[in-house]
Amino acid sequence: MIRCKPLLGTFVEISTEDGEHLPHAIEMAFTAIEQVQSLMGFHDPDSELSQINARSHLEPIRIHSWTAEVLAIAKEIQLESQGIFNCGIGHRLVEAGLLPRHINLNDQSFGGIEDLRFIEPNLVQSKLPLCLDLGGIAKGYAVDKAVEVLFAHDIQSGSVNAGGDMRVFGNLTQDIQIRNPSKPHELIQIGKMKMGAIATSSLYFAKRDADAKSYMVNPLNQEHIEFSESYSVIANECVYADALTKVVSISGNAQHPCLNHFSAHAIKIPQTITL
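Residues numbered from 1 in each chain as written. Predicted model: local features only at pLDDT ≥ 70, side-chain atom pairs only at ≥ 80, totals over all residues. Heavy atoms only, no water.

Asker: So what exactly am I meant to see when it comes to the overall build of the chain here?
Answerer: If you tally the helices and strands in the chain, you get 7 helices and 14 strands. Expressed along its principal axes, the backbone C-alpha trace of the chain runs to roughly 55 × 45 × 35 Å. Split into buried and exposed, the 275 residues of the chain put 52% on the buried side. In the chain, the proportion of contacts linking residues at least 24 apart, taken out of those at least 6 apart, comes to 62%. A total accessible area of about 12800 Å² is found for the chain, and carbon and sulfur atoms account for 48% of it. Computed over 21 positive and 32 negative side-chain charges, the inter-centroid distance for the chain is 3 Å. (Helix = DSSP H or I, 4+ residues; strand = E, 2+ residues; numbered from the N terminus. Buried < 20%, exposed > 50% of the residue type's maximum accessible area, 1.4 Å probe, protein only. Contact = heavy atoms within 4.5 Å. Areas by Shrake-Rupley, 256 points an atom, 1.4 Å probe, with all protein chains shown as cover. Lys, Arg positive; Asp, Glu negative; His and termini not counted. Charge placed at Lys NZ, Arg CZ, Asp CG, Glu CD.)

Here it is, written out as structure tokens:
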């Protein structure tokens, strides 16, 4: 069975092959994805993420355990990547018109994910004003939560694909196809996957005109960056694959040392590839 819904700013496809209560399990998996979107969406001014951005430098903010888990993972990857991955670049995307302006950017110096501290497991506060954007990690986490729900409903094999952030589980072997950076409407098969996750970062559809700024920002210098190749990361869980694509694409290093720490590896596809 294959079901597809528009979520997370893309289309999410769930494919499964077995299970007694299959339709209900798939619906519950989509519900989990919707909850991640509701908790961590930058576009929703009422989301927990928006509340952290608006008030965490003024008072402690109590958050859902899922939001806490994503923030903890983001802090870990920020540390292991030596700052190349940092969710605290939302204000740069707001300034570029790539994210909605929910907060006042004037006369504020924004901190990064490293400035957010856990007072309790589900209670956070920041030393500085924040404009966190979890768009580079939450989609992968949503895929993982959907897989958890399917497991809980005794679905033994399948895949969840959120716009290229994909996790395969059980006995299913999935063809892995990514877009050709030279011709983005063409797909390249790079292999097969069983029991793992993959995510890809690229800019082939990101810019609609020559004056538009890239949505990829280097946190170390706060500058928008451009690159023509694509980077895919394979990991055990999609949350890590999703976030680590930002590390390798911003650094331009498909052998970045932090990949080993997370038992992941990267694939770089140059723009000059021909089929």
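Asker: It is not clear to me how the pairing of strand E10 (residues 196–201) should be interpreted in this structure. Could you clarify?
Answerer: The side chains of a regular strand alternate between the sheet's two faces. With respect to burial, E10 is a largely interior element, 5 of its 6 residues being buried. Across 3 bridges, strand E7 (residues 165–169) lies against E10 in antiparallel orientation. Counted as the bridge partner of arginine 167 is alanine 197 from E10. Across 5 bridges, E10 lies against strand E13 (residues 230–235) in antiparallel orientation. In the sheet register, alanine 197 faces E13, and the bridge partner there is alanine 235. (Pairing = 2+ DSSP bridges.)

Asker: What should I look at first to understand the sheet that holds strand E4 (residues 116–120) in this one?
Answerer: Two pairing modes exist for strands in a sheet, parallel and antiparallel, and in both the strands are linked by backbone hydrogen bonds. The antiparallel open sheet is built from 3 strands, whose spatial order is E3-E5-E4. At either margin of the open sheet sits one strand with a lone partner, and together these are strand E3 (61–62) and E4.

Asker: So what exactly am I meant to see when it comes to the nonpolar core here?
Answerer: A general feature of soluble globular proteins is that nonpolar side chains tend to end up buried together. If you look at the biggest cluster of nonpolar residues, it comprises 80 residues, and the most contacted ones within it are Ile137 and Leu244. No other element matches the 10 residues that helix H1 (residues 22–40) contributes to this core. Setting aside residues no more than four positions away along its own chain, isoleucine 137 makes contact with Val70, Ile73, Ala74, Phe85, Cys87, Val239, Asp242 and Ala243. Ranked by size, the runner-up nonpolar core spans 6 residues in total, among them Met166, Val168, Ile176 and Ile198. (Core = buried A, V, L, I, M, F, W, Y, C linked by side-chain atoms within 4.5 Å.)

Asker: Teacher, can you tell me more about the pattern of salt bridges here?
Answerer: Note on pairing: side chains with opposite charge can pair once their charged atoms come close. Scanning all chains against the criterion turns up 10 salt bridges. Ionic pairing is found between aspartate 144 and arginine 167, a salt bridge with its closest N-O pair at 2.9 Å. A residue pair is termed long-range when its members are at least 10 positions apart, and aspartate 144 in helix H5 (residues 138–152) and arginine 167 in strand E7 qualify at 23 residues. A salt bridge links lysine 246 to aspartate 242; the nearest nitrogen and oxygen atoms lie 2.8 Å apart. Pair noted here: lysine 246 and aspartate 242 are both in helix H6 (residues 238–251), with a separation of 4 residues, about one helical turn. Neither residue differs from the other here; lysine 246 and aspartate 242 are each classed as buried. (Salt bridge = Lys/Arg side-chain N within 4 Å of Asp/Glu carboxyl O.)

Asker: Sorry if this is basic, but what is going on with the sheet that holds E13 here?
Answerer: Strands sit in the order E1-E2-E6-E7-E10-E13-E14 across an open sheet of 7 strands; the sheet is antiparallel. Each edge of the open sheet is held by one strand with a lone partner, namely strand E1 (2–7) and strand E14 (265–269). Looking at each pair of strands side by side, their axes are set apart by 15° on average, direction ignored. As judged from the 6 bridges shared by E1 and strand E2 (residues 10–16), these two strands associate in the antiparallel manner. (Axes fitted to C-alpha atoms, helices over the stretch in contact; angles between N-to-C directions.)

Asker: Which parts of the structure should I look at to understand H1?
Answerer: An α-helical turn contains 3.6 residues, so a residue and the one three or four places further along point in the same direction. With 19 residues, H1 should cover 27 Å at 1.5 Å per step; its first-to-last C-alpha distance of 27 Å lies within 8% of that length. Where H1 is concerned, the buried positions are Leu22, Ala25, Ile26, Ala29, Phe30, Ala32, Ile33, Val36, Leu39 and Met40. Looking at the packing, one finds that the buried side of H1 touches E1, E2, helix H2 (48–55), helix H3 (65–80), H5 and strand E6 (158–162). (Expected span 1.5 Å × (residues − 1).)

Asker: Could you clarify how one ought to interpret the packing of aromatic side chains in this entry?
Answerer: Centre-to-centre distance and the angle between the planes together describe a pair of aromatic rings. Scanning all chains against the criterion turns up 4 aromatic pairs. A ring pair is formed by tryptophan 66 and tyrosine 141, whose centres lie 6.4 Å apart and whose planes are at 70°; its orientation type is edge-to-face. Taken together, the residues tryptophan 66 in helix H3 and tyrosine 141 in helix H5 connect sequence positions 75 residues apart. A residue is classified by how much of its surface remains accessible, and tyrosine 141, at 3% relative accessible area, is buried. (Phe/Tyr/Trp six-rings, centres within 6.5 Å; stacked < 30°, edge-to-face > 60°.)

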